[in-house]
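# Results of the structural survey
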Amino acid sequence: MSATFKHTPPAVAEGGAAEVSWAPRISRTRLRRLYVRDSLGLVDDELIAEVGHALEARCESILAVHDARRGRVHCPRCARENQTRLLPHDGHLDSRVTCPACGWSTIWGAYQDTFLGKQLEAGETHGVYDAFIHAFRGAIGPRQKMLAIDRLIHQFHYSLVPRHTPARPAGVNLIEGSLEDVMTLLEELA
């Protein structure tokens, strides 16, 4: 994954920020195929697992950005094993962020540049991502996993967009494509 580092010189940014990666949004084609197979009564264990794990990884990325915005940066070297390791930063772009456990380090501005413009903002919906992760991990068998996926996808079908507030549906954070593409897919799946 390449990132632009607008706030720091390349020599500094190439350090720890180069180790940061975020899970991609899921393809509309793969998600549509899962729903088509499910509507035909076909339980495709592999496809359910593939889509579910992709959504789980994307949700984890969104929540990590949510945490980082609140001063709790997850270390890309060791946070995957132990997500309780949090790194303090004071919010200034040139502030150094360092993991006390493994020594990973970068500048806050370089870290921030790794997620800006990548549809990783949780906004008011962060609880939905967390609920999906717990439901999917706790699901027993493909049917329960499919139900967890379905609940997540349908959470983003207009219900989380307040009618009185100009907002972009959060499904765009999970599913690749433009707002129009994602909304069309969500309408099809509903």
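Structure's up top.
This text gives an overview of the structure that appears in the document. Small disclaimer: the values here were computed from a predicted structure and weren't measured.

On to the overall build of the protein chain, then. Tallying secondary structure elements over the protein chain gives eight helices and four strands in all. For the protein chain, with 190 residues in total, the buried portion stands at 43%.

What follows covers the packing of helix H3 (residues 45–69) against helix H6 (residues 141–155). Taken N-terminus to C-terminus, the directions of H3 and H6 make an angle of 45 degrees; their axes are 10 Å apart at the nearest point. Classified by the interaxial angle, the pair formed by H3 and H6 is oblique. For the pair H3 and H6, the sense of crossing is left-handed. Judged by residue contacts, Asp-45, Ile-48, Val-51, Gly-52, Leu-55 and Cys-59 of H3 engage Pro-142, Lys-145, Met-146, Ile-149, Leu-152 and Ile-153 from H6. Tallied by class, the residues present in the contact of H3 with H6 amount to nine nonpolar, one polar and two charged.

As a further point, take helix H8 (residues 179–189). All of the buried residues in H8 are Val-182, Met-183, Leu-185, Leu-186 and Leu-189. Taken end-on, H8 shows its buried residues confined to a sector of 160 degrees, consistent with a single buried face.

Further remarks concern the packing of aromatic side chains. Summed over all chains, the structure comprises seven aromatic pairs. Note on Trp-104 and Tyr-111: the rings are 6.2 Å apart at their centroids and 70 degrees apart in plane angle, and the pair reads as edge-to-face. In this structure Trp-104 comes out as buried when scored by relative accessible area, which is 0%. Look at Tyr-111 and Phe-115: their rings are 6.1 Å apart centre to centre, the planes differ by 70 degrees, and that puts the pair in the edge-to-face class.

Evaluation of the coordinates by the stated rule reveals ten salt bridges. Measuring nitrogen to oxygen at the nearest pair gives 3.8 Å for the salt bridge that ties Asp-181 to Arg-28. Of the two residues, Asp-181 sits in helix H8 while Arg-28 sits in helix H2 (residues 28–39), which places them 153 residues apart along the sequence. A relative accessible area of 32% means that Asp-181 is categorised as partly exposed. Since its relative accessible area comes to 23%, Arg-28 is described here as partly exposed. With a closest N to O distance of 2.9 Å, Arg-30 and Glu-50 form a salt bridge. Taken together, the positions of Arg-30 in helix H2 and Glu-50 in helix H3 put the pair 20 residues apart, joining distant regions of the chain.

On to the environment of Gln-112, then. Tracing the backbone shows Gln-112 in helix H4 (residues 108–113). With relative accessibility at 12%, the residue Gln-112 sits in the buried group. Sequence separation between Gln-112 and Arg-69 is 43 residues; the distance between their C-alpha atoms is 8.6 Å.

Here Arg-77 shows up in the loop between strand E1 (73–74) and strand E2 (86–87). Placed 58 residues apart in sequence, Arg-77 and Glu-19 show a C-alpha to C-alpha distance of 7.8 Å. Not counting residues within four places of it along the chain, the set of residues in contact with Arg-77 comprises Glu-19, Cys-102, Gly-103 and Trp-104. Among the polar contacts listed, one links the side chain of Arg-77 to the side chain of Glu-19, at a separation of 2.8 Å.

A separate point is the nonpolar core. The biggest cluster of nonpolar side chains holds 47 residues, and the ones touching the most others in it are Leu-55, Tyr-111, Phe-132, Ile-149, Ile-153 and Ile-175. Mapped onto this core, the elements with two or more residues apiece are H2, H3, H4, helix H5 (126–138), H6, helix H7 (171–174) and H8. At eleven residues, H3 tops the list of elements feeding residues into this core. Beyond its immediate stretch of four places on either side in the chain, Leu-55 contacts Ile-26, Phe-132, Ile-149, Leu-152, Ile-153 and Leu-174.

Before going further, it helps to spend a moment on a nonpolar patch on the surface. Taken together, the side chains of Val-36, Leu-40 and Leu-42 make up a nonpolar region of the molecular surface, amounting to roughly 270 Å² of accessible area. With respect to the secondary-structure elements, Leu-40 resides in the loop between H2 and H3.

Rules and cut-offs
- Residues numbered from 1 in each chain as written.
- Predicted model: local features only at pLDDT ≥ 70, side-chain atom pairs only at ≥ 80, totals over all residues.
- Heavy atoms only, no water.
- Helix = DSSP H or I, 4+ residues; strand = E, 2+ residues; numbered from the N terminus.
- Buried < 20%, exposed > 50% of the residue type's maximum accessible area, 1.4 Å probe, protein only.
- Axes fitted to C-alpha atoms, helices over the stretch in contact; angles between N-to-C directions.
- Parallel < 35°, antiparallel > 145°, perpendicular 65-115°, else oblique.
- Left-handed = near helix turned anticlockwise from the far one by under 90°.
- Contact = heavy atoms within 4.5 Å.
- Nonpolar A, V, L, I, M, F, W, Y, C, P; charged D, E, K, R; others polar.
- Arc of directions from axis to C-beta.
- Phe/Tyr/Trp six-rings, centres within 6.5 Å; stacked < 30°, edge-to-face > 60°.
- Salt bridge = Lys/Arg side-chain N within 4 Å of Asp/Glu carboxyl O.
- Polar contact = N/O pair within 3.5 Å; in protein donor to acceptor, adjacent residues only side chain to side chain.
- Core = buried A, V, L, I, M, F, W, Y, C linked by side-chain atoms within 4.5 Å.
- Patch = residues over 30% accessible without salt bridge, like charges linked within 9 Å, V, L, I, M, F, W, Y side chains within 5 Å.
- Areas by Shrake-Rupley, 256 points an atom, 1.4 Å probe, with all protein chains shown as cover.

Worth remembering: the numbers are spatial, not functional.
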